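# Understanding the architecture of this molecule
Residues per chain, in single letters:
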Amino acid sequence: MDMNMILHFGEREMILFSFWKTGSLTGMAVSMLITFLMCIVYEAIKSFRYFLAVYHSKQRIQGRQNSGGTSNSVNSGADAVSEDSIQVAPLIQLSGFTRKLFTPYRISQAALYGLQAVLAYALMLIVMTFNVNLILAVVFGEAVGYFLFTGTPLVDNAVADCC
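What you see as residue numbers is a count from 1 along each chain, following the sequence as written. Restriction of local features to residues with pLDDT of at least 70 applies here, the model being predicted, together with a cutoff of 80 or more for giving and counting side-chain atom pairs; totals for whole chains, interfaces and linings are based on all residues. In computing side-chain properties, one takes all heavy atoms of the structure into account and sets aside hydrogens as well as water.

### Things to note about the overall build of the protein
What counts here: A helix here means a DSSP run of H or I that spans at least four residues, while a strand means a run of E at least two residues long, and both kinds are numbered starting from the N terminus. Exposed residues in this analysis have more than 50% of their type's maximum accessible area, buried residues have under 20%, and partly exposed residues fall in between, with area computed by a 1.4 Å probe over protein chains only. In what follows, a contact means two residues having at least one pair of non-hydrogen atoms within 4.5 Å. What sets the accessible areas is the Shrake-Rupley method with a 1.4 Å probe; for residues, cover comes only from the shown protein chains.
The number of helices and strands found in the protein is five helices and two strands. Written out in order from the N terminus, the α and β elements of the protein read β-β-α-α-α-α-α. Sorting the 163 residues of the protein into buried and exposed places 23% on the buried side. Considering only residue pairs separated by 6 or more positions, the protein has 71% of its internal contacts joining residues 24 or more positions apart. Split by element, the accessible area of the protein, about 11,600 Å² in all, is 67% carbon and sulfur.

Right, here's the structure in full:
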């Protein structure tokens, strides 16, 4: 298939992969629907990452308020040996830094960000087909996703900083 480098309305298009080809109006309509849904999923992931960040921040603040700055001096029945003094291979040693680095929150944020990046690049490549039908599907999908998953425009600044 020849790649047109100008905006066009053709029905015959190869989208992202060699197996994703359209040859009819129905095929193009289905591809537009899939692209539209990909945009909505992209916006949902972006908003979910923001929701997790806000929830995690509230949990940390609440945890600090509940602890009141006092340290727990009771060892809760564990051995007298500190967990930090156990000799482990340097790459898997769980020191204070790596415990803060590999938290479930950070791992989930990284996984969601990776998925968000894959979707963003896929949508960019779909737009780079220069097919106006697909470009409109991306634009309308992003607009609908924004409408569905963004609470107020004031939150946009925090979403832009977060994601």
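### Focus: the pattern of salt bridges
Under the convention used in this document: One speaks of a salt bridge when a side-chain nitrogen belonging to Lys or Arg is within 4 Å of a carboxyl oxygen belonging to Asp or Glu.
Counted by the stated rule, this structure contains one salt bridge. Across the salt bridge formed by Lys46 and Glu43, the nearest N and O atoms sit 3.8 Å from each other. Taken together, the positions of Lys46 and Glu43, both in helix α1 (residues 25-67) and three residues apart, correspond to about one turn of that helix. Overall, the relative accessible area of 4% leaves Glu43 in the buried class.

### Considerations on the UniProt feature "transmembrane region" (unreviewed entry) in the protein
Test applied: UniProt positions are given in the numbering used here, feature names are shortened, and annotations may be inferred rather than shown by experiment.
According to UniProt, the "transmembrane region" (unreviewed entry) feature falls on residues 20-42 and 110-140. For residues 20-42, helix accounts for 78% and strand for 9%, while the C-alpha atoms at its two ends are 20 Å apart. Helix makes up 87% of residues 110-140 and strand 0%, and the two end C-alpha atoms of the span are 27 Å apart.

### Observations concerning the packing of helix α3 (residues 104-127) against helix α4 (residues 132-149)
Here is the rule we go by: Whenever a helix is involved, its axis is fitted only over the stretch in contact; in every case the axis is a line through C-alpha atoms, and angles between N-to-C directions fall within 0 to 180 degrees. When residues are grouped by polarity, Ala, Val, Leu, Ile, Met, Phe, Trp, Tyr, Cys and Pro land in nonpolar, Asp, Glu, Lys and Arg in charged, and all others, Gly among them, in polar.
Remark: α3 packs on α4, axes separated minimally by 8 Å, with the N-to-C direction vectors making an angle of 145°. In this structure, α3 contributes Leu123, Ile126 and Val127 to the contact, and α4 contributes Leu134, Ile135, Val138 and Glu142. Class assignment for the residues of the contact of α3 with α4 results in six nonpolar, no polar and one charged.

### What about a nonpolar patch on the surface?
Heads up, the rule is: Patch membership needs two things, relative accessible area over 30% and no salt bridge, and members are linked within 9 Å if like-charged or within 5 Å if nonpolar (Val, Leu, Ile, Met, Phe, Trp, Tyr).
Taken together, Leu16, Phe17, Phe19, Tyr121, Met124, Leu125 and Met128 make up a surface patch of nonpolar side chains, about 740 Å² in accessible area. Looking at the element boundaries, Leu125 is found in helix α3.

### Observations regarding the packing of aromatic side chains
The cut-off we apply is this: The rule is short: rings of Phe, Tyr and Trp, with Trp giving its six-membered ring, pair when the centres are within 6.5 Å, and they are stacked under 30 degrees, edge-to-face over 60, tilted in between.
As enumerated under the stated definition, the model contains three aromatic pairs in all. Judged by centre distance (5.2 Å) and plane angle (0°), the rings of Phe17 and Phe19 are stacked. You can call Phe17 partly exposed: its relative accessible area is 45%. The exposed category is assigned to Phe19, whose relative accessible area is 68%.

### So, the side chain of Gln109
In this structure, Gln109 sits in helix α3. The contacts of Gln109, once residues within four sequence positions are left out, are Arg49, Leu52 and Ala53.

### Observations concerning the confidence of the model for the protein
Put simply, the test is: One confidence number per residue, pLDDT, is output by the predictor and ranges from 0 to 100.
For the protein, per-residue confidence averages 82 on the pLDDT scale, and residues scoring 70 or more make up 73% of the total. Every residue in residues 71-86 is under pLDDT 50, and counting partners more than four places away or in other chains gives eight contacts.

### Side note on the nonpolar core
Worth spelling out the cut-off: What is meant by a nonpolar core is a set of buried Ala, Val, Leu, Ile, Met, Phe, Trp, Tyr and Cys residues, joined one to another through side-chain atoms within 4.5 Å.
Ranked by internal contacts, the top residues of the largest apolar core, which has 15 residues, are Met38, Leu123 and Ile126. At the level of elements, α1, α3 and α4 are the ones that each hand at least two residues to this core. Here the element with the most residues in this core is α1; it accounts for six residues. Not counting residues within four places of it along the chain, the set of residues in contact with Ile126 comprises Ile15, Leu16, Trp20, Thr35, Met38, Leu134 and Val138.

### Some thoughts on α3
What counts is decided by this rule: Expected span of a helix, by definition, is 1.5 Å for each gap between consecutive residues, and there is one gap fewer than residues.
Along its 24 residues, α3 runs 35 Å from first to last C-alpha, staying within 8% of the 34 Å computed at 1.5 Å per residue. Buried residues of α3: Gln109, Leu112, Gln116, Leu119, Ala122, Leu123 and Ile126, and no others. On its buried face, α3 sits against α1 and α4.

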